[in-house]
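# What the coordinates show
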Amino acid sequence: MSDRAVDTAVVPRPAGVHVVEVGPRDGLQNERRVLDVATRVELVRRLVAAGVRRLETVSFVNPARVPQMAGAEEVMAAVPRTAPDGSPVAHIGLVLNERGLERALAAGVDEVNLVAITTETFSRRNQGAGVDDVLAATVRMLEASRTAGVPASVTVSASFGCPFEGEVSTEQVMRVVRAVLPARPVEVALADTIGVGVPGDVRRLVRAVGAESDVPLRAHFHNTRNTGYANALAAAEEGVLALDASIGGYGGCPFAPNATGNIATEDLVYALGRSGHDVGLRVDDLADPRDFVTQALGAGEAPGLLGRAGNWPG
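First, a word on scope: everything that follows refers to the structure included in this document. (Residues numbered from 1 in each chain as written. Predicted model: local features only at pLDDT ≥ 70, side-chain atom pairs only at ≥ 80, totals over all residues. Heavy atoms only, no water.)

Here we take up helix α9 (residues 228-237). For α9, a buried count of seven out of 10 residues is recorded, marking the element as mostly surrounded by other parts of the structure. Regarding α9, the residues found buried are G228, Y229, N231, A232, A234, A235 and A236. If you follow the buried residues of α9, they end up packed against β6 (187-192), α8 (199-210), β7 (217-221), β8 (242-245) and α10 (265-274). Phi turns positive one or two residues past the end of α9, at G239, with a value near 100°. (Buried < 20%, exposed > 50% of the residue type's maximum accessible area, 1.4 Å probe, protein only. Helix = DSSP H or I, 4+ residues; strand = E, 2+ residues; numbered from the N terminus. Contact = heavy atoms within 4.5 Å.)

Our focus in this paragraph is the packing of helix α5 (residues 120-127) against helix α6 (residues 131-148). Following both chains from N to C, one finds α5 and α6 inclined at 60°, their axes separated by 9 Å at the closest point. With respect to α6, the element α5 is oriented oblique. Residues E120, S123 and Q127 of α5 lie in contact with α6, whose contacting residues are V131, D132 and V134. Class assignment for the residues of the contact of α5 with α6 results in two nonpolar, two polar and two charged. (Axes fitted to C-alpha atoms, helices over the stretch in contact; angles between N-to-C directions. Parallel < 35°, antiparallel > 145°, perpendicular 65-115°, else oblique. Nonpolar A, V, L, I, M, F, W, Y, C, P; charged D, E, K, R; others polar.)

What follows deals with the side chain of T138. Tracing the backbone through its elements, the reader meets T138 in helix α6. Overall, T138 belongs to the buried group, its relative accessible area being 0%. Ignoring sequence-local partners within four residues, the contact set of T138 consists of L114, V115, A116, V154 and V180.

Here α6 crosses helix α7 (residues 170-180) at 35°, and the two axes come no closer than 9 Å. The handedness of the crossing between α6 and α7 comes out as right-handed. Between α6, through V131, D132, L135, T138, V139 and L142, and α7, the contact on the second element is made entirely by R175, V176, A179 and V180. A class-by-class count of the residues in the contact of α6 with α7 yields seven nonpolar, one polar and two charged. (Left-handed = near helix turned anticlockwise from the far one by under 90°.)

Counting buried positions along β7 gives five out of five residues, so the element sits mostly inside the fold. Neither face of β7 is left uncovered, since the one carrying L217, A219 and F221 and the one carrying R218 and H220 both have all their residues buried. After leaving β6, the chain enters α8 and then returns to the sheet as β7, a path that is right-handed. Summarising the sheet, β7 and β8 pair through three bridges and their orientation is parallel. In the strand pairing of β8, H220 is matched with D244. What joins β7 to β8 is α9, and the crossover it makes is right-handed. (Right-handed = clockwise from strand over helix to strand, strands pointing away. Pairing = 2+ DSSP bridges.)

W312 connects to P313 through a cis peptide bond whose omega is -5°. For P313, the location among the structural elements is in the segment after α12 (306-309).

Below is the structure:
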């Protein structure tokens, strides 16, 4: 493919805030029960039927380390690429190294999401390399993705705190952001991998990035300490247009101790809707994929709260 410049127009984006559904990847990667390819494809199909148009669908990692993500190529070969209404569906593949990028491009993902971590200890635990080496590889992968004509974003993991080194400074986050910006990611995601951030932290980091670049921002929150939804609303107020969430509130990082679930898609959609943000999703429509994945995982009850309390007004 031609070495053309990639911009955010390559993958359609809603005009306002939208939800990136990460349930098929981040939602499943830390669960004890490993779902087979057919079940994961069916989850994606139900999410698309519920209105989701941008998903982190697969992860191209070593299945020996993360068996929940085995069969990424088979999943990509079977998931719907258009919605029932004919609109396009964007499937994101998570990539941690150059071999993973080769697999993702060959599998035909619509977007690539790369990961760089703010601290040495977590970087070596998660990716087997230090921060400098990961940043150098990330730049190479951004350039390779652009050459292939596939948009690539970068998630800055542990932006709000590290499970091994503790507090993470604004400068540690900006070190990663500054390193990748020259390679022109289409989006940068600030990730609270272990759910320690509060709205003040969100405002601090979003403003720090915004002071140096107009790169579109995404935010990824876990609700480990019950601050995830407040953080998501703060991010939306600061102009972040893409918010990650996982159907049912499942999720966590296999390499971060005590990293519990993501904010639940249905709960986030409720909070955003009541706050005046139309994300193109209806809480009631999300009940079907939530109940499906809960049953598939044998979880009994989803971590998210709308499955228990119900929508309001009903």
